[in-house]
Structures are given as structure tokens and as C-alpha cells.
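Fold and contact review
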Amino acid sequence: MFLLFKLFWRTISALFLLLIVFITFVIGKTWYAANNETIRKADLIVVMGAAQLDGRPGEVLAARLEESLRIYRKELAPRIVTLGSAAPGDRFTEAGSGKNWLVQKGVRASTVTAISKGRDTYASILALRDTFDPSKTPDLIIVTDPYHCLRSMTIARDKGFTATCSPSRSGKASLGSAGFRYLIRESAAYIAYVTLGRHGIHISDHVA
């Protein structure tokens, strides 16, 4: 009986250690993706949605749009896609607000596609795949918050795209402002996605 009890606790201890190692690995992977930009020329620049305020991009969305404009002007991709639906009660969508902002900054409206579907990362990328066939426009540069890069790229790759990430460089979700809490939240969301799939993404993506 004592030997069985000892074996049981050894097994529990080993599983707990493996869990700690896995969580530490994911946190490190999320941090690495945020701090190591690997963008190259692509078919589309894809701006992940974030909160808008009655048609005006919130701070986080504005920072993402600024980054998309920067790499668009560097001619890294010929088109920009903005993602994100409206929150309940909103008159405007995140995607539409993003497109209007880019057009106001001088980007031709014909080169920007607003996909006003999806209130989370998974649903938004699913809507992207329904609009752009990965076999015809496979290469994406995803623009989002640094710690959101890994999960966004992983979902996009799972849906058939080749994805890199160009993280926003300003605002409260940038590396200079986002705290350890955001890193942990995104690491947890990544673990939920890779272990539970679509059903594990209930952690909110949308920040103001």
C-alpha cells in the first residue's frame, strides 16, 4: 500500500513538473514571437480588430493601424484587410472604422477590404479565410499587439495561410507599455486554443 501511495505521488509530481515546463515554454514562445519580427513581402496586410469608439479607432486599434500603414508604405504588401465586427449596440464596426482611418491617411479605398465579421481572433480569421482563398492569397502579415502575435499566426496557419506578424509599436498594448499580465493572458489563451481548439477561445480579445 505504501509503495502504491509513493508511486501515485511520484506520478502526480512528474505530471505537475511537465505542466510547469509546458506553461513556461508557452510563455517563452509568446514572448519570443512578440520580440522577434520576421515579416517579409506578402499578399495581404491583415489588421486584427480592437475596440472602436463611435467610428473612431480606440488606442489599441489606432496603434495597429499605424503599424499597418507603416509597412504598407514600405510596399511589403499591395492590400490591407481590416477585421472585426461591431459590439452589441455599436453603430460602427471595427473593420469599417479601420478602413475609414486608413483612407483618411491617404490609402486608396480600393486597396482596403473591411471584413466586418468576428468578435474574437478565431472568428475573424475564419471570416478572412471565407473572403480570401489561402490557395490564391496565402501570405499574410498580421498586425496586432506584440503578445497577440503568436496566437494570431497559429490560427492563421491552421486555416491554411502562411503568416508572419508585425506588432504594433505604440499604445498601451505595445511592448513598452503592456505588462506581464498581458503576456500571461495571451499565453493562457494560446494554451486554451491549442488544447481545446475553437471552444477554448472565450478569453476576450477585444481591448480599447
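Let me begin by describing the structure that accompanies this report. (Residues numbered from 1 in each chain as written. Predicted model: local features only at pLDDT ≥ 70, side-chain atom pairs only at ≥ 80, totals over all residues. Heavy atoms only, no water.)

Inspection of every chain in the model, using the stated rule, returns nine salt bridges. In this structure, glutamate 94 engages arginine 119 in a salt bridge whose closest nitrogen and oxygen atoms are separated by 2.7 Å. Separated by 25 residues along the polypeptide, glutamate 94 in helix H3 (residues 94-104) and arginine 119 in the loop between strand E5 (112-115) and helix H4 (121-131) bring together distant segments of the chain. The class for glutamate 94 is buried, based on a relative accessible area of 3%. Under the relative-accessibility criterion, arginine 119 is labelled partly exposed at 34%. When the shortest N-O distance is used, the salt bridge between arginine 129 and aspartate 130 registers 4.0 Å. Arginine 129 sits in the partly exposed class, given a relative accessible area of 32%. Under the relative-accessibility criterion, aspartate 130 is labelled exposed at 58%. (Salt bridge = Lys/Arg side-chain N within 4 Å of Asp/Glu carboxyl O. Helix = DSSP H or I, 4+ residues; strand = E, 2+ residues; numbered from the N terminus. Buried < 20%, exposed > 50% of the residue type's maximum accessible area, 1.4 Å probe, protein only.)

Our focus in this paragraph is the packing of aromatic side chains. Counted according to the given criterion, the structure contains two aromatic pairs. Arranged with centres 6.3 Å apart and planes meeting at 50 degrees, the rings of tyrosine 122 and tyrosine 193 form a pair that is tilted. Of this pair, tyrosine 122 sits in helix H4 while tyrosine 193 sits in helix H6 (residues 180-196); the two residues are 71 residues apart in sequence, bridging distant segments of the chain. By relative accessible area, which is 12% here, tyrosine 122 ends up buried. Ring geometry for tyrosine 147 and tyrosine 182: centres 6.1 Å apart, planes at 80 degrees, overall edge-to-face. (Phe/Tyr/Trp six-rings, centres within 6.5 Å; stacked < 30°, edge-to-face > 60°.)

As a further point, take the side chain of serine 97. One can find serine 97 in helix H3. Here threonine 93 takes part through its backbone oxygen, which lies 2.8 Å from a polar atom of the side chain of serine 97. Non-local contacts of serine 97, meaning those with residues more than four positions away in its chain, are made with Gln52, Gly55, Arg56, Pro57 and Phe92. (Polar contact = N/O pair within 3.5 Å; in protein donor to acceptor, adjacent residues only side chain to side chain. Contact = heavy atoms within 4.5 Å.)

The next thing to look at is unusual backbone geometry. In this model, aspartate 54 sits at a positive phi of 55 degrees, which is unusual for a non-glycine residue. Mapped onto the fold, aspartate 54 is located in the loop between strand E2 (52-53) and strand E3 (56-57). On the accessibility criterion, aspartate 54 (51% relative accessible area) is exposed.

What follows concerns the packing of helix H5 (residues 149-158) against H6. Interhelical geometry of H5 versus H6 gives an angle of 20 degrees and a closest axis separation of 9 Å. Considering the angle they form, H5 stands roughly parallel to H6. Here H5 contributes Leu150, Arg151, Thr154, Ile155 and Asp158 to the contact with H6, which in turn contributes Glu186, Ala189, Tyr190 and Tyr193. (Axes fitted to C-alpha atoms, helices over the stretch in contact; angles between N-to-C directions. Parallel < 35°, antiparallel > 145°, perpendicular 65-115°, else oblique.)

The subject of this paragraph is the pairing of strand E6 (residues 139-143). For E6, the buried fraction is high: four of the five residues fall into the buried class. Two elements, strand E1 (residues 44-47) and E6, share four bridges in a ladder whose sense is parallel. In the strand pairing of E6, valine 47 is matched with valine 143. Here E6 pairs with strand E7 (residues 162-165) via four bridges, running parallel. Each bridged residue has a counterpart across the sheet, and for aspartate 139 the counterpart in E7 is threonine 162. Between the parallel pair E6 and E7, the chain is carried across by H5, and the sense of this crossover is right-handed. (Pairing = 2+ DSSP bridges. Right-handed = clockwise from strand over helix to strand, strands pointing away.)

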